[in-house]
Amino acid sequence: MCDDILTGIRDLTEYRRTSLPPKDTSKDMVILKLYHEYLTWNEARKFCIAEGGQLATIRSREEAEIMASYNRETDTGRKPGVVSNGVFLGFHDYYHLGEWVTIRGEPLSKTGYSTITQHWGGPPADGHFPDRPPKCGELAFDGGLNDAPCSSKRRFICELPEQQKP
């Protein structure tokens, strides 16, 4: 399935991060790439893995603002059936409704950036709706984080290691 997804996907923009705070002290850089194809969260996750990375975790307000700006600048309008112009990121509440963790398993609150979008007037639904399915994370147009149905289709951001040149 990933081979089918790889066909026709192109990265539109990238942002380089010098390290992954707070614990990573390596000098390796990572690249955050925004992809224009609309995929479900799991399809996007598999795509990023196939590229040698993972769905991105935003680590600072600066990254959120840059990626939200790129998203707004490159957005061509909603496709039929697409409810949001946000982009999928690497966090979810699959394990326990309302407990947001990254795909690395760290609490979202420990990533360095966990500001919730103000577009909807408050935090994600969390535990207020116990019958709702788990949700996946997105970066909203305003640079805040939001929850979204994992089965919906959105553009997405991969976090990829930058290859060191010899």
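In what follows, the structure referred to is the one given above.
Throughout, residues of each chain are indexed from 1 in the direction in which the sequence is written. Per-residue local features are limited, in this predicted model, to residues with pLDDT of at least 70; the limit for side-chain atom pairs, both in listing and counting, is 80 or more; totals at the level of whole chains, interfaces and linings are taken over all residues. Here the side-chain values reflect all heavy atoms present in the structure, with hydrogen atoms and water set aside.

Q: Explanation requested: helix α2 (residues 41-50) in the structure shown.
A: Since the α-helix turns once every 3.6 residues, residues separated by three or four places project in the same direction. Each residue gets one of three labels from its accessible area relative to the maximum for its type: buried under 20%, exposed over 50%, partly exposed in between, using a 1.4 Å probe on protein chains only. Helix numbers and strand numbers start at the N terminus; a helix is a DSSP run of H or I with at least 4 residues, a strand a run of E with at least 2. Those residues of α2 that fall on the buried side of the exposure criterion are Trp41, Glu43, Ala44, Phe47 and Cys48. The buried side chains of α2 occupy one side of the element, clustering within an arc of 160 degrees when seen end-on. Of the residues one or two after α2, Gly52 is the one with positive phi, at around 95 degrees. It is the directions from the helix axis to the C-beta atoms whose arc is reported.

Q: Help me understand the pattern of salt bridges, please; the structure alone is not making it clear to me.
A: Here the idea is simple: oppositely charged side chains can pair when their charged atoms come close. Between Lys or Arg on one side and Asp or Glu on the other, a salt bridge is scored when a side-chain nitrogen of the former is within 4 Å of a carboxyl oxygen of the latter. Scanning the model with the defined rule gives four salt bridges in all. Within the structure, one salt-bridge network assembled from shared partners comprises Arg59, Arg104, Glu106 and Glu159.

Q: Looking at this structure, I do not really get the packing of aromatic side chains. What am I missing?
A: We describe a pair of aromatic rings using the distance from one ring centre to the other and the angle between the two ring planes. Centre distance within 6.5 Å is the pairing criterion for rings of Phe, Tyr and Trp, where only the six-membered ring of Trp is used; planes under 30 degrees apart are then read as stacked, over 60 as edge-to-face, and the remainder as tilted. All told, the structure shown has five aromatic pairs when counted by the stated rule. With a centroid separation of 4.9 Å and an interplanar angle of 75 degrees, the aromatic rings of Tyr35 and Phe47 are classed as edge-to-face. With Tyr35 in strand β2 (residues 30-39) and Phe47 in helix α2, the pair connects residues that are twelve residues apart, well separated along the chain. Here Tyr35 and Phe47 have matching classes, each one buried. Consider the rings of Phe91 and Trp100, whose centres lie 5.7 Å apart with planes at 70 degrees: the pair is edge-to-face. Clustering of aromatic rings is evident, with ring pairs tying together Tyr35, Phe47 and Phe156. In our convention, an over-ring charge means Lys NZ or Arg CZ found within 6 Å of a ring centre and within 35 degrees of that ring's normal. For Arg154, the ring lying beneath its charged end belongs to Phe88, and the centroid distance is 5.5 Å.

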